[in-house]
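# Results of the structural survey
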Amino acid sequence: RLVAGVPRNAAPVREKARELTAGLQTRREKLAALLAFARRQVRYVAVEVGVGGYRPHSPQEVLDRRWGDCKDKAFLLIDLLREAGIEAWPVLSRSDRSSRVDREFPSPQFNHAIAAVRAEGLGLTDLDPVAGGYLFLDPTQEVGDLAWLAPGTQDQDALIVRDGKGELVRTPTLPAAETRKVSAHVALTAG
């Protein structure tokens, strides 16, 4: 009910989606362009006062002001994707490497909102953050591409809210995306 009253499908959001995907051919290209916009052109600002900690602002308001919290950015991305013909859903997750959702204790344990799309037909690779048939997208990340999911959001139970129901899926672990190699060549000289 918190989300049902949020105005969606606004003309400025639809226009922005068409502008950002003009000339792009594949669903993957469109998805990448819209995700990049949400990540880099809409600032992540966590202002969660009162009901604002639970209810997102309208995607049009987020687009107009160019900032929002995780819920705001997720719903903006979802509306942009839907205009581009890519159905997307909100996902409640944890963003905390040190703790997990306790499945035995039903309570609000999620602290982050992201988005998910069906992975089928997107031309994805083994490096993309896919689990349970869904590609997970975090629009709050300012860096990375389609294949990057923040370490705190990896290997977490995520509740995909789809068609009025919830589906619990464990987000993938992507060790290759987190691997970095550093080489140092040192030479000692007498001085």
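Each value, and the rule that gives it
Residues numbered from 1 in each chain as written. Predicted model: local features only at pLDDT ≥ 70, side-chain atom pairs only at ≥ 80, totals over all residues. Heavy atoms only, no water. Pairing = 2+ DSSP bridges. Helix = DSSP H or I, 4+ residues; strand = E, 2+ residues; numbered from the N terminus. Contact = heavy atoms within 4.5 Å. Axes fitted to C-alpha atoms, helices over the stretch in contact; angles between N-to-C directions. Buried < 20%, exposed > 50% of the residue type's maximum accessible area, 1.4 Å probe, protein only. Phe/Tyr/Trp six-rings, centres within 6.5 Å; stacked < 30°, edge-to-face > 60°. Lys NZ or Arg CZ within 6 Å of the ring centre and 35° of its normal. Polar contact = N/O pair within 3.5 Å; in protein donor to acceptor, adjacent residues only side chain to side chain.

This part is about the sheet that holds strand β3 (residues 88–93). With antiparallel pairing, the six strands of this open sheet are ordered in space as β5-β6-β4-β3-β7-β8. Edge positions in the sheet fall to β5 (130–131) and β8 (165–170), since each has one partner strand and no second. Sitting on the sheet, helix α4 (residues 70–83) is in contact with β3, β4 (112–118) and β6 (134–137), with an inclination near 20 degrees to β4.

Within the fold, L76 resides in helix α4. Since its relative accessible area comes to 0%, L76 is described here as buried. The spatial distance from the C-alpha of L76 to the C-alpha of Q60 is 7.5 Å, given a sequence separation of 16 residues. For L76, the contacting residues outside a window of four places in its chain are V13, V42, P59, V62 and L63.

On inspection of all chains with the given rule, the structure shows one aromatic pair. Positioned above the aromatic ring of W67, the side-chain terminus of R65 is 3.8 Å from the ring centre.

The next thing to look at is the environment of D128. Mapped onto the elements of the fold, D128 is located in the loop between β4 and β5. Note: C-alpha distance between D128 and D145 (17 residues apart in sequence) is 9.3 Å. Each residue touching D128, except ones within four places of it in the same chain, is listed here: R28, L135, L146, A147 and L174. Engagement of the side chain of D128 in a polar contact is seen with the side chain of R28, the distance being 3.1 Å. Of the polar contacts made by the side chain of D128, one reaches the backbone nitrogen of T125; its length is 2.7 Å.

Any link to function would need more than the numbers given here.
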